[in-house]
Structures are given as C-alpha cells and as structure tokens.
Amino acid sequence: MNIIRRNLPNLLTCLNVLSGCVAIVLAFSPYKLMEGIEAWRWAALALGVAVAADFLDGFTARLLKAWSAVGKELDSLSDLVSFGVAPAMLLLNMLAQKPGVATWLPWVALIIPVAGAMRLARFNVDPRQSSSFIGLPIPANAIFWLGYAALIAASDCQWLCSPALVIPLVILESWLMVAPIPLFSLKFHNYGWKGNACRWILISGAAGLICWLGLQGLIPVILLYLFLSIFDRSGKEE
C-alpha cells in the first residue's frame, strides 16, 4: 500500500506526458477523420486528459503526503511536452494544412515551447510561486491554443491564419508565460467563498463559456482568468 501511495502521483504525471505524446502524434494530421471525428478533436481530448492528470497529480501528492523532488521534476518535464510542444504542434500543423497560409508562418508556433521551457525553469527555482503564479501557467497556455485551434477549424476566415494575427498572438501568449505578472492558482485551502471568490467565478464562468461556445470558449476562459487575477487579493492575504 505504501508503494502505491508513494507512486500514484507519479503515475498520474506519466499519464499526463503520455496523453501529450498522443496529442502530438494526432496533431500531424489535424483534419483527418478518425472514427468520423477530426484528429484535432482527438488531440484536444488527449490534452484534456493531460490537464486533468496534471491537476490530479498535485492534488494526490498533497492528499497522500507523497511529494518528492523527483515528482516535481517529472511534472515539469511532462508539462513541457503536453502544454508546450503539443499545442505548438497542433497550431503548426493546422496552419500548415490550411490553404493559402504562408509556408513560413507555421514555424512561428515553435516560439511557444521555448517560452514554456523558460516558464517552467523559472517556476522550479522561484519560492514565491508555491501558492500563486508569476506569469501565465503553461497549462493555461495550452488551453488558449486549444480554443484557437477550434476557432481555426470552425471558420473559413482567412484572417485567423494571417501573419498579422498569428504572430502577435504567439508573441503575446509566450510573453505572458515569462512576464512578471501575479496570477492566482486553483489550489483551494478551503472551499468557502472567502479567499476563493476568483476561483469560483473562474470555474463557473469556464463551465458557462464552454457550454455556450464549445471549445472556442476556452479563449475567453483564459481572458477571464487574466482579468480576475487583476482583482484577486487572496495571494496578498496569504
């Protein structure tokens, strides 16, 4: 039983990286139908599993008091694959396989995992980020690009794949990951409203936006997260 307790968080982290690898493979044929569903949607599902596993590994480690230095490093390596490389590959291939897109533009997506690696390296050595974040968490970066992938797939608007939009978005999202901007985390010390108002608003807002807009609603979810962080005071109170 002790072996299971010690290793359960790491098993969930391994599920994270495995799901990220599956998403990367699927990203190379984003518009191919698989069981009647486009591959990019399966990739989105795989990344959803990765996000859930990433949340549960930390939650399980705290619940079982099974934290370890190895687990922390494994988590960062997994996050880089699932939330840095995978969304970049999805964006790269969806742009590359859209008619009329400049052949050089998809390569801009490679900035995303570079910024993600820098973000994770800073997180690992910054003691200020134990209960909150400085810079956009890399899973939130992946969530944004999943929403953007859904927008590209659902629309024939060429401007969504134009350099004038894609380049600023990639630069902005990458900058947000390494910017000195304080953002709240979804870690609950208790489940009451006090001290958790922004967390509950984000969760309920995310549920509403996704029900209303589908995967495209992930974009305003991240915007809501950034907006709420401006007014959050829980980190300062702690």
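Residues numbered from 1 in each chain as written. Predicted model: local features only at pLDDT ≥ 70, side-chain atom pairs only at ≥ 80, totals over all residues. Heavy atoms only, no water.

Things to note about the confidence of the model for the protein
Link 1 in the chain: The pLDDT averaged across the protein works out to 90; a share of 95% of its residues lies at or above 70.
Link 2 in the chain: Taking the mean pLDDT of every element in the protein, the minimum, 48, falls on helix 9 (residues 234-237) and the maximum, 96, on helix 6 (residues 163-178). (pLDDT = per-residue confidence, 0-100. Helix = DSSP H or I, 4+ residues; strand = E, 2+ residues; numbered from the N terminus.)

Side note on the environment of Leu-202
Link 1 in the chain: Relative to the helices and strands, Leu-202 is located in helix 7 (residues 197-213).
Link 2 in the chain: When the C-alpha atoms of Leu-202 and Glu-173 are compared, they prove to be 19 Å apart, with 29 residues separating the residues in sequence.
Link 3 in the chain: Excluding its chain neighbours within four sequence positions, the residues that come into contact with Leu-202 are Phe-184, Leu-186, Val-221, Leu-224, Tyr-225 and Leu-228. (Contact = heavy atoms within 4.5 Å.)

What about helix 8 (residues 218-231)?
Link 1 in the chain: Over its 14 residues, helix 8 runs 21 Å from end to end, which matches the ideal 20 Å to within 8%, given 1.5 Å per residue.
Link 2 in the chain: For helix 8, every residue scored as buried is listed here: Leu-218, Ile-219, Val-221, Ile-222, Tyr-225, Leu-226, Leu-228 and Ser-229.
Link 3 in the chain: At its buried positions, helix 8 is contacted by strand 3 (132-134), helix 5 (138-154), helix 6, strand 4 (182-184) and helix 7. (Expected span 1.5 Å × (residues − 1). Buried < 20%, exposed > 50% of the residue type's maximum accessible area, 1.4 Å probe, protein only.)

Some words on the side chain of Asp-79
Link 1 in the chain: Examined against the element boundaries, Asp-79 turns out to sit in helix 3 (residues 69-96).
Link 2 in the chain: Buried charge without a salt bridge: Asp-79, with Arg-119 as the nearest opposite-charge side chain at an N-O distance of 8.2 Å.
Link 3 in the chain: Beyond its immediate stretch of four places on either side in the chain, Asp-79 contacts Asn-16, Asp-54, Gly-84, Leu-120 and Ile-138. (Lys, Arg positive; Asp, Glu negative; His and termini not counted. Salt bridge = Lys/Arg side-chain N within 4 Å of Asp/Glu carboxyl O.)

Comments concerning unusual backbone geometry
Link 1 in the chain: Here the phi dihedral of Glu-35 falls at roughly 55 degrees; this positive angle occurs in a residue that is not glycine.
Link 2 in the chain: When you line up the elements, Glu-35 lands in the loop between strand 1 (33-34) and strand 2 (37-38).
Link 3 in the chain: The exposure class assigned to Glu-35 is exposed, which follows from its relative accessible area of 76%.

Remarks on the packing of aromatic side chains
Link 1 in the chain: Scanning the model with the defined rule gives five aromatic pairs in all.
Link 2 in the chain: Ring geometry for Phe-123 versus Phe-133: centroids 6.2 Å apart, planes at 45 degrees, classification tilted. With a gap of ten residues between them, Phe-123 in helix 4 (residues 111-125) and Phe-133 in strand 3 connect regions that are remote in the sequence.
Link 3 in the chain: Assessed through its relative accessible area of 18%, Phe-133 is described here as buried.
Link 4 in the chain: Put simply, the rings of Phe-144, Trp-145 and Tyr-148 pair up and form one aromatic cluster. (Phe/Tyr/Trp six-rings, centres within 6.5 Å; stacked < 30°, edge-to-face > 60°.)

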